[in-house]
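Observations on the model geometry
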Amino acid sequence: MTRPWDRRDFLKLSGAAAALAAAGCATPMKTKARVVVVGGGFGGATAAKYIRLWDPAIEVVMVERANIFTSCPLSNLVLGGSKSMEDIRHSYDGLRQHGVQVVFDEATAIDAAKRVVKLERGGDLRYDRLIVAPGIDFLYGDIAGFEDAMKARRVTHAWKAGAQTIALRKQLEQMKDGGVFVLSVPLAPYRCPPGPYERASQVASYFKKAKPRSKVLILDANPDVTSKGPLFKKAWAELYPGMIEFRGNAKAVGVDAKSGTVKLEVEDVKGDVLNVVPPQRAGDIAVKAGLITANNRWCGVNWLTCESTAVQNVHVLGDATLSAPGMPKSGSMANQQAKLCASAVVAMINGQTPNPEPKIVNTCYSYVSDDEAVHVASVHTWNAEQKTLTTVPGSGGVSAARNALEGAYAWAWAVNIWQDTLS
Amino acid sequence: MRIALVVAAALAALPFAAQAQSSGRDLAASCAMCHGTDGRGAVGYEPLAGMPKQDLVRKLGEFRSGAKPATVMHQIAKGYSDAQIQLIADYFSAQKK
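Residues numbered from 1 in each chain as written. Chains lettered and ligands numbered in written order. Predicted model: local features only at pLDDT ≥ 70, side-chain atom pairs only at ≥ 80, totals over all residues. Heavy atoms only, no water.

Take the overall build of chain B next. Check the secondary structure of chain B and you find four helices and zero strands. The secondary structure elements of chain B, listed N-terminal to C-terminal, are α-α-α-α. Entry remark: accessible area of chain B is about 5200 Å², with carbon and sulfur atoms responsible for 65%. (Helix = DSSP H or I, 4+ residues; strand = E, 2+ residues; numbered from the N terminus. Areas by Shrake-Rupley, 256 points an atom, 1.4 Å probe, with all protein chains shown as cover.)

Written out as structure tokens, the structure is:
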């Protein structure tokens, strides 16, 4: 077991030490072990909270680069105009109430042999077990010209909620009536399967009110809508007739900032506002830490514990993982994986066997207008034969129809998962 | 020898008891995403903390059979066995409201 705060730690710590001291946590205390969590999204924050709930004798330090939580779920409503950035931002103070030591810094490297996380502003954090929940980063190189066009503010991805969400909303507001909003969707798997189609719905909802002659053009690398397809298509036909055009097998390979074009394999498509979501992989720190095991993109884990199949004592969860069959990359799934992981980490530190039959649930809502939503749900359970999580036959499904009742549940879902994750 | 056996039996029983306790807790933790941590404090969804065991067992059974109409709970309840529903109901009934 690591001595929680030894002299060497103190000498090395600068940024982290200052942050921990400010949080009133610099006094040495007796703990069983220290868990470091890298990343404070739905996965990392939930894991940090639940380890403290389930065993307060374990010290938990969470490292997060942003000093405020911005929710990807519901961020499409900011684009639609029915919610503001304020509505989707939350403080990390609630985690501190549980005794989580929150450090605002960037994890720059992981030394798995020494069990140390290195931080940008200085200081090393020693750990007994490490949880890496880095979310996604983008394979910019797959779309020629994307990075230049992004720097020139001619294209956004807005696939991490924050500055780009605000920038895209501004572009939509400034677009002339009669303009074309182009949304490019990468091949699955990517973060939030129904997200692009919710976004198309939200932008159409805004256009319908503010710029009714405008169009939404979806260029999808996949052959068809990848999630809740019939529900989205019915909503588009009935709520936004003639406004949304869907093109399948339309993979973006380039962006030209000057002419405002998205380049497909066979043609170029012009638009007034370009929103190109590039293909994704596990977040950068997972690459640096040698956690990537599949297709140079995702981190393989043992789904009984979320422990990495590549590096001992390191757990990975959320969008960065190589998903089990039927498992979406979603905030909901990350919250649930985090509890599976927290339970396993607590058991392992206490010398117990991790739960041999974990079971987790996904429930994702998408708003098709300001007030109507649709959902998809699934239940995932340990499958001893396949040694992974698989969906329970006969369980799960999608909404019977879009309606305002589901819209009310969708908003309550968001409020409740934010609370379960952060406070 | 006898003492050793008793100790061994006690040790063997310990992880099992810990397991039973944590499996109800772990199953219930899935519900917390919508119904609040430990079934408390959620908006718009039924509070589960402190619900009498038989009430929650009956409700989940009715969702599973389709007797109780729902938007999503009928789809989720179908993912759970009777034994798992008992564990979940045990856990929430023991939580303070």
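We now examine the overall build of chain A. The secondary structure content of chain A amounts to 13 helices and 26 strands. Against the globule reference of 22 Å for 423 residues, chain A gives a C-alpha radius of gyration of 22 Å, in line with a compact fold. Counting only C-alpha atoms, chain A reaches 65 × 50 × 35 Å along its principal axes. Burial statistics for chain A: of 423 residues in total, 61% are counted as buried. (Rg over C-alpha atoms; globule rule 2.2 N^0.38 Å. Buried < 20%, exposed > 50% of the residue type's maximum accessible area, 1.4 Å probe, protein only.)

All names here are of chain A. Summing up the model confidence of chain A, the mean pLDDT is 94 and the portion of residues at 70 or higher is 93%. pLDDT under 50 marks residues 1–15. Its contacts with residues more than four places away, or in other chains, come to 39 contacts. Confidence over residues 21–28 falls short of pLDDT 50; this stretch has eight contacts with residues more than four positions distant or in other chains. (pLDDT = per-residue confidence, 0-100. Contact = heavy atoms within 4.5 Å.)

Facing the 38 residues of chain A at the interface are 26 residues of chain B. Roughly 2600 Å² of surface becomes buried between chain A and chain B when both sides are summed, with 54% attributable to carbon and sulfur atoms. If you list the elements that add at least two residues to the side of chain A that touches chain B, you get helix H3 (42–54), helix H12 (331–349), strand E23 (359–367), strand E24 (373–383), strand E26 (397–398) and helix H13 (404–422) of chain A. Taken together, the residues that form the side of chain A that touches chain B break down as 18 nonpolar, 15 polar and five charged. (Buried area = accessible area lost by both parts, 1.4 Å probe. Nonpolar A, V, L, I, M, F, W, Y, C, P; charged D, E, K, R; others polar.)

Let's shift gears to the sheet that holds strand E12 (residues 180–185) of chain A. Residue and element names in this part refer to chain A. In spatial order, the strands read E11-E18-E12-E13-E14; together these five strands make up an open sheet with parallel pairing. Edge positions in the open sheet fall to strand E11 (155–156) and strand E14 (244–247), since each of these has one partner strand only. For E12 and strand E18 (residues 273–276), the ladder comprises four bridges, and the chain directions are parallel. Pairing of Leu183 across the sheet is with Asn275, part of E18. Across the sheet, helix H9 (residues 195–210) is in contact with E12, strand E13 (215–220), E14 and E18; its angle to E12 comes to roughly 175°. (Pairing = 2+ DSSP bridges. Axes fitted to C-alpha atoms, helices over the stretch in contact; angles between N-to-C directions.)

Moving on to unusual backbone geometry. All names here are of chain A. The omega torsion across Ala188 and Pro189 is 5°, close enough to zero to call that bond cis. Relative to the assigned elements, Pro189 resides in the loop between E12 and H9. Phi at Arg115 takes a positive value of approximately 55°, unusual for a residue other than glycine. Turning to its location among the elements, Arg115 is positioned in the loop between strand E6 (107–111) and strand E7 (116–119). By relative accessible area, which is 31% here, Arg115 ends up partly exposed. The backbone phi angle of Lys228 is positive, close to 55°, even though this residue is not glycine. Within the element layout of this structure, Lys228 appears in the loop between E13 and helix H10 (229–239). Residue Lys228 is classed as buried on the basis of its relative accessible area of 6%.

All names here are of chain A. It is at 8 Å that the axes of H3 and H12 come closest, and there the two elements cross at 35°. In this structure, H3 crosses over H12, and the sense of that crossing is right-handed. Residues Phe42, Gly43, Thr46, Ala47, Tyr50, Ile51 and Trp54 of H3 pack against Gly331, Ala334, Asn335, Ala338, Lys339, Ala342, Ser343, Val345 and Val346 of H12. When its residues are assigned to classes, the contact of H3 with H12 shows ten nonpolar, five polar and one charged. (Left-handed = near helix turned anticlockwise from the far one by under 90°.)

Right, let's talk about the environment of Leu322 of chain A for a bit. Residue and element names in this part refer to chain A. Checked against the element boundaries, Leu322 lands in the loop between strand E22 (314–316) and H12. A C-alpha to C-alpha distance of 28 Å links Leu322 and His90, two positions 232 residues apart in sequence. Ignoring any residue separated from it by four or fewer positions in sequence, one finds Leu322 in contact with Ala294, Trp298, Cys299, Gly300 and Trp303.

This next bit is on the sheet that holds strand E17 (residues 268–270) of chain A. Residue and element names in this part refer to chain A. Taken in spatial order, the three strands of this open sheet run E15-E16-E17, and their pairing is antiparallel. The open sheet has two edge strands with one neighbour each: strand E15 (252–256) and E17. Taken over all neighbouring pairs, the strand axes of this sheet differ in orientation by 25° on average, direction set aside. Sheet topology note: the strand E16 (residues 261–264)/E17 ladder contains three bridges and is antiparallel. Following the sheet pairing, Lys263 is matched in E17 by Asp268.

Okay, the packing of helix H2 (residues 53–65) of chain B against helix H4 (residues 82–93) of chain B next. Residue and element names in this part refer to chain B. Running from N to C, H2 and H4 cross one another at 140°; their axes reach a closest spacing of 8 Å. Classed by the angle they form, the pair H2 and H4 counts as oblique. Pair H2 / H4 crosses with right-handed handedness. Taken together, the residues of H4 that come into contact with H2 (itself represented by Lys53, Leu56, Val57, Leu60 and Arg64) are Asp82, Ile85, Gln86, Ile88, Ala89, Asp90, Phe92 and Ser93. A breakdown of the residues in the contact of H2 with H4 according to their chemical character gives seven nonpolar, two polar and four charged. (Parallel < 35°, antiparallel > 145°, perpendicular 65-115°, else oblique.)

Here we come to the environment of Lys209 of chain A. Residues and elements named next belong to chain A. Within the secondary structure layout, Lys209 lies in helix H9. Distance from Lys209 to Asn362, taken between C-alpha atoms, is 33 Å for residues 153 residues apart in sequence. At 2.5 Å, the side chain of Lys209 forms a polar contact with the side chain of Asp370. (Polar contact = N/O pair within 3.5 Å; in protein donor to acceptor, adjacent residues only side chain to side chain.)

Our focus in this paragraph is the packing of aromatic side chains. Residue and element names in this part refer to chain A. Per the stated rule, a full pass over the model turns up 14 aromatic pairs over all chains. Plain terms: the ring middles of Phe232 and Trp236 are 6.0 Å apart, the flat faces sit at 35° to each other, and that makes the pair tilted. Of this pair, Phe232 and Trp236 are both found in helix H10, four residues apart, which corresponds to roughly one turn of the helix. Here the two residues Phe232 and Trp236 agree in accessibility, since each one is buried. An aromatic cluster of three or more residues is present, and its members are Phe42, Phe69, Tyr92 and Phe104. (Phe/Tyr/Trp six-rings, centres within 6.5 Å; stacked < 30°, edge-to-face > 60°.)

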